[in-house]
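# Results of the structural survey
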Amino acid sequence: MKTAICYYSRHHGNTRKVLEVMAQEGDVALMDVTTRQAVRLEEYDCVGLASGIYGFEFHKAVTEFARQYLPQGKPVFFVYTYGGAKGSGAAAVSKIAEEKLCPVLGAFSCKGYDTFGPFKLVGGIAKGHPDERDLENARAFYRQLRARWERGEGK
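Quick caveat: nothing in here was measured; it's all calculated off a predicted structure.

## Considering the packing of aromatic side chains
Under the defined criterion, the tally for this structure stands at five aromatic pairs. Consider the rings of Phe 58 and Tyr 80, whose centres lie 5.9 Å apart with planes at 65°: the pair is edge-to-face. You can see Phe 58 sitting in strand β4 (residues 57-58) and its partner Tyr 80 sitting in strand β5 (residues 76-82), a full 22 residues away along the chain. Residue classification places Phe 58 among the buried residues on the basis of a relative accessible area of 2%. According to the relative accessible area criterion, Tyr 80 is buried, its value standing at 10%. A centroid spacing of 5.8 Å and a plane angle of 40° characterise the contact between Phe 108 and Phe 141, whose relative ring orientation is tilted. Note that Phe 108 is positioned in strand β6 (residues 104-111) and Phe 141 in helix α4 (residues 132-150), a separation of 33 residues in sequence. Side by side, Phe 108 and Phe 141 carry an identical accessibility label, which is buried. By the ring-pair criterion, three or more aromatic residues cluster together here, those being Phe 77, Phe 108, Phe 141 and Tyr 142.

## Considerations on unusual backbone geometry
In this structure, Leu 101 is a non-glycine residue whose phi angle is positive, near 60°. Among the structural elements, Leu 101 can be located in the loop between α3 (91-99) and β6.

## Focus: the pattern of salt bridges
It is possible for side chains of opposite charge to pair when their charged atoms get near one another. Evaluation of the coordinates by the stated rule reveals eight salt bridges. As a salt-bridge pair, Glu 57 and Lys 60 come within 2.5 Å of each other at their nearest N and O atoms. Residue class for Lys 60 comes out exposed when judged on its relative accessible area of 54%. For Glu 136, the salt bridge identified is with Arg 143, shortest N-O distance 3.3 Å. Judged by relative accessible area, Glu 136 falls into the partly exposed class, the value being 34%.

## Describing the environment of Leu 135
Residue placement: Leu 135 occurs in helix α4. Excluding residues within four positions of it along the chain, Leu 135 makes contact with Lys 17, Val 18, Val 21 and Pro 130.

## So, helix α2 (residues 60-69)
By the burial criterion, the buried members of α2 are Val 62, Thr 63, Phe 65 and Ala 66. Burial along α2 is one-sided: seen end-on, the buried residues are contained in an arc of 160°. Opposite its buried face, α2 presents the exposed residues Lys 60 and Gln 68, each directed more than 90 degrees away.

## Description of the nonpolar core
Nonpolar side chains in soluble globular proteins generally cluster together in the buried interior. Judged by nonpolar contacts, the single largest core of 25 residues is most densely connected at Cys 6, Leu 41, Leu 49, Phe 58, Phe 78 and Val 93. Listed by contribution, the elements that provide at least two residues to this core are β1 (3-8), β3 (46-54), α2, β5 and α3. A per-element tally of this core places β5 first, with four residues. Formed by 21 residues, the second largest nonpolar core is a distinct cluster that contains Tyr 7, Val 18, Ala 50 and Ala 138.

## With respect to the environment of Tyr 8
Relative to the helices and strands, Tyr 8 is located in strand β1. The buried category is assigned to Tyr 8, whose relative accessible area is 13%. Sequence separation between Tyr 8 and Met 31 is 23 residues, and the spatial gap between their C-alpha atoms is 8.7 Å. With near-sequence residues (within four places) excluded, Tyr 8 lies in contact with Thr 15, Val 33, Thr 34, Ala 50, Ser 51, Gly 52, Tyr 54, His 59, Ala 61 and Val 62.

Rules of the game
- Residues numbered from 1 in each chain as written.
- Predicted model: local features only at pLDDT ≥ 70, side-chain atom pairs only at ≥ 80, totals over all residues.
- Heavy atoms only, no water.
- Phe/Tyr/Trp six-rings, centres within 6.5 Å; stacked < 30°, edge-to-face > 60°.
- Helix = DSSP H or I, 4+ residues; strand = E, 2+ residues; numbered from the N terminus.
- Buried < 20%, exposed > 50% of the residue type's maximum accessible area, 1.4 Å probe, protein only.
- Salt bridge = Lys/Arg side-chain N within 4 Å of Asp/Glu carboxyl O.
- Contact = heavy atoms within 4.5 Å.
- Arc of directions from axis to C-beta.
- Core = buried A, V, L, I, M, F, W, Y, C linked by side-chain atoms within 4.5 Å.

Next up, the structure:
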């Protein structure tokens, strides 16, 4: 399964850490949505959209990227990290996927170290995350997606 994961990961790189372990599990290209590059998502079997949670939702750069580049009918999945609360999580990108008739294969989320705003005053929250257990769960999530794809599910 040839996969593109389009992401935004700043501050502590929590989301990038999760994506790097997923990328070890197969033919996965990681694409930072803040770099300007030729994007041809049609060439991939499925597309992951990934972000930390900013203000209770995916970073706007990922949402705008999906709106502009996600091909009609392309299978998608979502990955996100959060400090305090999931917020609405992948709701905005889920809506875009729905509008583009893209089947959603699943979503993975886990805690990530967060020092934004008032959390900085207390040394941050979710310290040590994503941890090894989170990363192993991320690997397992991607393996399950790949296995389902190989069985013909989600195509």
